[in-house]
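A look at the structure
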Amino acid sequence: MKKLLVLISIFLIACSNPNAQVEIDIKMYTSTWDEIINNNNLELINDAHFDKEITLISSPENIVGIENFKAYYANYVIGFSDIKFTIIDVFGQGDKIVKHWNFKGTHTGDFFGIPATGKSISIDGTTLVKMKNGKIAEEQDFMDNMAFMQQLGIVSSPENVGIVDNVYKAFAVGDMPTVLAAMDTNIVWNEAENFPYADGNPYKGPDAVLNGVFARVGGEWEYWNLEDINLHDMSNDYVLATGRYQAKYKKNGAILDAQMAHLWKLKDGKIVSFQQYTDTKQAFDVVKK
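Counting restarts for each chain, with residues numbered from 1 along the sequence as it is written. Selection of residues for local features in this predicted model requires a pLDDT of at least 70, selection of side-chain atom pairs for listing and counting requires 80 or more, and totals for whole chains, interfaces and linings are taken over all residues. Side-chain figures throughout are based on the complete set of non-hydrogen atoms in the structure, without hydrogens or water.

**Let's talk about the nonpolar core**
- Joining through side-chain atoms within 4.5 Å is the link that ties buried Ala, Val, Leu, Ile, Met, Phe, Trp, Tyr and Cys residues into a set, and such a set is a nonpolar core. Accessibility here uses a 1.4 Å probe with only protein chains present; expressed as a share of the type maximum, an area under 20% marks a residue as buried, one over 50% as exposed, and anything in between as partly exposed. Core analysis: the biggest nonpolar cluster contains 38 residues, and Met-183, Trp-189, Phe-214, Trp-221, Trp-224, Leu-256 and Trp-264 have the highest contact counts within it.
- Counting 37 residues, the second-largest nonpolar core is a separate cluster that includes Ile-36, Ile-37, Leu-44 and Val-129.

Structure below.
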């Protein structure tokens with residue numbers, strides 16, 4: 001009889017306060033995910049906290065069932081170290097919960113087949129949750145997957161090609177301040193081996209590039225043009241440029257017409273490295289005529 005009275009009391013409280021169950025659900029939900037992610041406790045993905053048919057709304061197909069759900073999220077706790085999962089805000093109504101979260105970590109393990117990159121990531125997202133009988137029954141995550149892949153270095157920033165293109169345009173009109181402004185303060189610049197200006201490799205910092213490469217080109221060549229430039233967006237924030245050098249050496253009037261390729265590396269919108277490839281024999285022959 002006493003147990004029956006307690007159950008009736010709980011029922012009456014829930015009826016008199018429709019938000020009571022929502023608050024209970026939110027408390028269970030937030031503490032469960034905090035333990036799973038921050039304390040690497042995947043065993044909490046069980047039928048005490050999740051409906052047996054827990055469903056992660058996903059594409060191309062949903063993840064259904066506790067074991068499949070656990071295997072999916074194992075990629076995060078195994079693939080990343082130094083994890084910090086923060087629920088920024090959470091609210092609910094009826095059987096629905098919405099959470100705004102942030103996930104930080106360092107990619108030091110296998111993540112959905114992607115080998116460790118050593119990259120640190122910080123990504124915000126939102127999850128829509130459906131509860132059922134006090135258990136988590138359905139989730140759907142929303143986040144900027146492109147930004148996530150860019151932070152991992154798997155997908156390059158879409159701005160990279162435009163930054164490199166602006167460098168070539170500025171160089172064509174002799175706008176050296178704009179060219180140098182695109183460089184990271186610690187840029188590492190390498191001319192092709194045996195190229196006339198490879199004697200200073202590696203040039204470190206914009207001033208070294210200006211004085212060791214650009215100033216010498218400007219002083220020793222009547223003109224130095226880059227023609228037929230094609231830019232290729234590569235993975236890991238690299239941009240490959242292909243084209244031709246067309247130049248005239250002042251001392252002997254000899255003409256250089258050579259294929260070239262430039263490999264640029266960018267980080268946070270700045271050029272951090274450069275590698276030149278070209279027909280160094282032709283350049284040597286022109287200079288020595």
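**Looking at helix 5 (residues 160–172)**
- Every helix listed is a DSSP run of H or I at least four residues long, and every strand listed is a run of E at least two residues long, numbered separately from the N terminus. One less than the residue count of a helix, multiplied by 1.5 Å, gives the span that helix is expected to have. Over its 13 residues, helix 5 runs 19 Å from end to end, which matches the ideal 18 Å to within 8%, given 1.5 Å per residue.
- We call two residues in contact when some of their heavy atoms are within 4.5 Å. Along its buried surface, helix 5 packs onto helix 6 (176–181), strand 9 (221–233), strand 10 (238–249), strand 11 (255–267) and strand 12 (270–278).
- Two residues or fewer past helix 5, Gly-174 is found with a positive phi of approximately 75°.

**A few points about the layout of surface pockets**
- Of the grid points, spaced at 1 Å and generated over the protein atoms alone, those admitting a 1.4 Å probe that cannot get out make up cavities, while open sets with protein on both sides within 12 Å along at least five of seven lines make up pockets; any residue with an atom within 4 Å of a point is treated as lining. Grid points are joined across faces, edges and corners, and a volume is the space filled by probe spheres set on the points. Estimates place the volume of the largest pocket at around 530 Å³.
- In this structure, the largest pocket is lined by 26 residues; those nearest its centre are Tyr-72, Tyr-73, Tyr-76, Asp-141 and Met-143.
- Ranked by residues supplied to the lining of the largest pocket, first place goes to strand 6 (residues 135–143) with five residues.
- Here the residues of the lining of the largest pocket sort into 18 nonpolar, five polar and three charged. Basically, the charged four are Asp, Glu, Lys and Arg, the nonpolar ten are Ala, Val, Leu, Ile, Met, Phe, Trp, Tyr, Cys and Pro, and anything else, Gly included, counts as polar.

**Notes on the pattern of salt bridges**
- Here a salt bridge means any side-chain nitrogen of Lys or Arg lying within 4 Å of a carboxyl oxygen belonging to Asp or Glu. Throughout the structure, instances matching the rule amount to eight salt bridges.
- Measuring nitrogen to oxygen at the nearest pair gives 3.7 Å for the salt bridge that ties Lys-70 to Glu-43. With Lys-70 in helix 3 (residues 66–79) and Glu-43 in the loop between helix 2 (20–38) and strand 1 (50–56), this residue pair connects regions lying 27 residues apart in the sequence.
- Under the relative-accessibility criterion, Lys-70 is labelled buried at 15%.
- Residue Glu-43 is classed as exposed on the basis of its relative accessible area, which comes to 54%.
- Between Glu-67 and Lys-70 there is a salt bridge, and its shortest N-O distance comes to 3.9 Å. One end of the pair is Glu-67 and the other is Lys-70, both in helix 3 and three residues apart, which spans about a single turn.

**Quick word on the sheet that holds strand 7 (residues 183–190)**
- A pair of strands is considered paired only if DSSP assigns at least 2 bridges between the two. The strand order across the open sheet formed by six strands is 8-7-12-11-10-9, and the pairing between neighbours is mixed. Two strands in the sheet have a free side with no partner beyond their single neighbour: strand 8 (203–204) and strand 9.
- Across two bridges, strand 7 lies against strand 8 in antiparallel orientation. Each residue of the ladder has a partner; that of Trp-189, found in strand 8, is Tyr-203.

**Some thoughts on empty space enclosed by the protein**
- The full count for this structure, using the stated rule, is one cavity of 30 Å³ or more.
- Empty space within the largest cavity amounts to approximately 220 Å³.
- Phe-171, Trp-189, Phe-214, Leu-226 and His-262 are, among the 17 residues lining the largest cavity, the residues nearest its centre.

**Some remarks on helix 8 (residues 280–288)**
- Of the residues making up helix 8, those classed as buried are Thr-280, Ala-283 and Val-286. All buried residues of helix 8 fall inside an arc of 125° around its axis, so they share one side. In this structure, helix 8 carries Lys-281 and Lys-288 as exposed residues pointing more than 90 degrees from its buried face.
- Against the buried residues of helix 8 lie strand 9, strand 10, strand 11 and strand 12.
- The distance from a side-chain oxygen at the start of helix 8 to the backbone nitrogen of Lys-281 is 3.3 Å, and the residue carrying that oxygen is Asp-279. This arc is built from the directions going out from the helix axis to the C-beta atoms. For the purposes of these results, a polar contact is taken to be a pair of N or O atoms within 3.5 Å, where, inside protein, one atom must be able to donate a hydrogen and its partner to accept one; residues adjacent in sequence count only when each atom of the pair is a side-chain atom.

**A short note on the sheet that holds strand 1**
- Taken together, the six strands give an open sheet; going across it, the order is 2-1-6-5-4-3, and neighbouring strands pair in mixed fashion. The sheet is open, and its two borders are formed by strand 2 (63–64) and strand 3 (80–93), each paired with just one other strand.
- Bridge count between strand 4 (residues 96–107) and strand 5 (residues 120–132): 11 bridges; the pairing is antiparallel. The residue bridging Asn-102 from the neighbouring strand is Asp-124, located in strand 5.
- Each axis is a line fitted through C-alpha atoms, and for a helix only the stretch in contact is used; angles between axes span 0 to 180 degrees, taken between their N-to-C directions. Sheet contacts for helix 2: strand 1, strand 3, strand 4, strand 5 and strand 6; angle to strand 3, the most-contacted strand, approximately 170°.

**Section: the packing of aromatic side chains**
- Here a Phe, Tyr or Trp ring, Trp counted by its six-membered ring, pairs with any other such ring whose centre lies within 6.5 Å, and the pair is stacked when the planes are under 30 degrees apart, edge-to-face when over 60, and tilted otherwise. The tally for this structure, following the rule as stated, stands at 29 aromatic pairs.
- Note on Phe-195 and Trp-224: the rings are 6.3 Å apart at their centroids and 85° apart in plane angle, and the pair reads as edge-to-face. In this pair, Phe-195 sits in the loop between strand 7 and strand 8 while Trp-224 sits in strand 9, placing the two residues 29 residues apart along the sequence.
- The exposure class of Trp-224 is buried, given its relative accessible area of 13%.
- We note Lys-265 situated over the ring of Tyr-238; from NZ or CZ to the ring centre the distance is 4.6 Å. We call a charge positioned above a ring when the Lys NZ or Arg CZ atom is no farther than 6 Å from the ring centre and deviates by at most 35 degrees from the ring normal.

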